[in-house]
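Chain by chain, the residues run as shown.
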Amino acid sequence: MPNENAGSLRVFDETIDYEVRRSEDATQPRIDVDIHGVAVVLPAESDIDPQELVEDNARWILKQWRQYQDHREQAPSRRFEPGETFLYRGDDRQIEVKDVDKSHVEPETFALAADAVEEEGIQDTLESLYRRKARLVFKSRIDHYADEMSVEPGKLELRNQRTRWASCSPQRTLSFNWRLVMAPDDVIDYVVVHELAHLREKNHTRRFWNLVQKHDPKYEEHVDWLTENSVQLIFTEDDL
Ligand SMILES: [Zn+2]
């Protein structure tokens, strides 16, 4: 008897595994494809055959699935150990565990304090360092551009959202993904300018982009850089 919770789809030369989920909230059957795989979501009482559904949508599933596979293959797989490199402000730096009071960033290394590593491990120590530096870098760029653009931002929050680099709330709070501090400075500046521009123009109108361009004439290059390199800015696989 076939497994009720999973199946596989054979399309061209690929075998794509999928899982089947029942959902009280689903009103229609649907197929979700993301970086983690393919899922068929059926309304709780539905008697639709999931295999038939995936076969009817095989081409669409394959196309989506291949995009996510490519994305996954480009993702750097890094280990949290001395000698491994991670990006910081556009340059690779090596992890080094040192007998220092406070973890810090050096021109070619992340110098992680041995005591902190002992207590929390390399991953958490490195993330704390990234977050501390991210706050400083974003704050100083926000101050710089807020002045230049004559806007008054609210407080700065750090987050880690898989699909967003930054956002601006109606209360003028600016939220930045701390992983953005891995990107080159001109890309960081673009994101800062973008969010500050939202304090003037809520939506992505022509006026909005004109304002962005005024303060970041090469903004289009920076948008492209982020689109093409977002996968380089992951910290762990959870960020994919
Ligand atoms: Zn925006």
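Residues numbered from 1 in each chain as written. Predicted model: local features only at pLDDT ≥ 70, side-chain atom pairs only at ≥ 80, totals over all residues. Heavy atoms only, no water.

Caption draft 1: Spatial organisation of the overall build of the protein chain. Helices and strands together make up the secondary structure of the protein chain, namely six helices and 11 strands. The C-alpha radius of gyration of the protein chain comes to 22 Å, more than 25% above the 18 Å expected for a compact globule of 240 residues. Pairs at least 24 residues apart make up 46% of the contacts formed inside the protein chain by residues separated by at least 6 positions. Of the roughly 14300 Å² of accessible surface on the protein chain, a fraction of 42% belongs to carbon and sulfur atoms. (Helix = DSSP H or I, 4+ residues; strand = E, 2+ residues; numbered from the N terminus. Rg over C-alpha atoms; globule rule 2.2 N^0.38 Å. Contact = heavy atoms within 4.5 Å. Areas by Shrake-Rupley, 256 points an atom, 1.4 Å probe, with all protein chains shown as cover.)

Caption draft 2: How the structure looks around the packing of helix H4 (residues 185-197) against helix H6 (residues 219-229). Interhelical geometry of H4 versus H6 gives an angle of 105° and a closest axis separation of 9 Å. When the axes of H4 and H6 are compared, the pair comes out roughly perpendicular. On H6, the residues touching Asp186, Val187, Tyr190 and Val191 of H4 are Tyr219, His222, Val223, Trp225 and Leu226. Broken down by class, the residue content of the contact of H4 with H6 amounts to seven nonpolar, one polar and one charged. (Axes fitted to C-alpha atoms, helices over the stretch in contact; angles between N-to-C directions. Parallel < 35°, antiparallel > 145°, perpendicular 65-115°, else oblique. Nonpolar A, V, L, I, M, F, W, Y, C, P; charged D, E, K, R; others polar.)

Caption draft 3: The arrangement of the side chain of Thr173 in detail. Note that Thr173 resides in the loop between strand S10 (166-168) and strand S11 (174-177). Excluding anything up to four places from it in sequence, Thr173 contacts Lys155, Glu157, Ser167 and Cys168.

Caption draft 4: Highlighting the sheet that holds strand S3 (residues 30-34). Spatially, S1-S2-S4-S3 is the arrangement adopted by the four strands of the open sheet, whose pairing is mixed. Each edge of the sheet is formed by a strand with only one pairing partner; in this case those strands are strand S1 (6-11) and S3. Each adjacent strand pair in this sheet contributes to an overall mean axis angle of 30°, direction not counted. Against the sheet, helix H2 (residues 58-74) makes contact with S1, strand S2 (14-23), S3 and strand S4 (37-43), and its axis sits at roughly 20° relative to S3, the strand it touches most. (Pairing = 2+ DSSP bridges.)

Caption draft 5: Fine view of a negative patch on the surface. Taken together, the side chains of Asp99, Asp101, Asp115, Glu118, Glu119, Glu120 and Asp124 present a region of like negative charge at the surface. Following the sequence through the fold, Glu119 ends up in helix H3 (residues 114-149). By relative accessible area, which is 71% here, Glu119 ends up exposed. (Patch = residues over 30% accessible without salt bridge, like charges linked within 9 Å, V, L, I, M, F, W, Y side chains within 5 Å. Salt bridge = Lys/Arg side-chain N within 4 Å of Asp/Glu carboxyl O. Lys, Arg positive; Asp, Glu negative; His and termini not counted. Charge placed at Lys NZ, Arg CZ, Asp CG, Glu CD. Buried < 20%, exposed > 50% of the residue type's maximum accessible area, 1.4 Å probe, protein only.)

Caption draft 6: Broad picture of the coordination of the zinc ion. Distances from the zinc ion to its protein donors, His194 (NE2), His198 (NE2) and His204 (NE2), fall at 2.0 Å. Sequence spacing among the residues donating to the zinc ion works out to H-x3-H-x5-H. (Donors = N, O, S within 2.8 Å, 3.2 Å for Na, K, Ca; no water.)

Caption draft 7: Geometry of unusual backbone geometry. The backbone phi angle of Arg89 is positive, close to 45°, even though this residue is not glycine. Relative to the helices and strands, Arg89 is located in the loop between strand S5 (85-88) and strand S6 (91-98). Take Arg89: its relative accessible area is 32%, and that puts it in the partly exposed class. At Arg172, a position not held by glycine, the phi torsion is positive, near 70°. Tracing the sequence through the fold places Arg172 in the loop between S10 and S11. By relative accessible area, which is 35% here, Arg172 ends up partly exposed.

Caption draft 8: Layout of the UniProt feature "domain: YgjP-like metallopeptidase" (unreviewed entry) in the protein chain. The UniProt feature table records "domain: YgjP-like metallopeptidase" (unreviewed entry) at residues 30-228. Between the first and last C-alpha atoms of residues 30-228 the distance is 29 Å; the span itself is 47% helix and 21% strand. (UniProt positions renumbered as here; feature names shortened; annotations may be inferred.)

Caption draft 9: Fine view of the domain arrangement of the protein chain. Per the domain assignment, the segments of the protein chain are domain 1 (6-74) and domain 2 (85-239). Taking only C-alpha atoms, the centre of domain 1 and the centre of domain 2 are 34 Å apart. When domain 1 packs against domain 2, the two sides together hide about 380 Å² of surface, and 39% of this comes from carbon and sulfur. Viewed at the interface, domain 2 and domain 1 are joined by zero salt bridges. The interface formed by domain 1 and domain 2 includes zero residue pairs in polar contact (both at pLDDT 80 or more). Within the side of domain 1 that touches domain 2, the residues separate by chemical class into one nonpolar, three polar and one charged. (Domains from an automatic or database assignment. Buried area = accessible area lost by both parts, 1.4 Å probe. Polar contact = N/O pair within 3.5 Å; in protein donor to acceptor, adjacent residues only side chain to side chain.)

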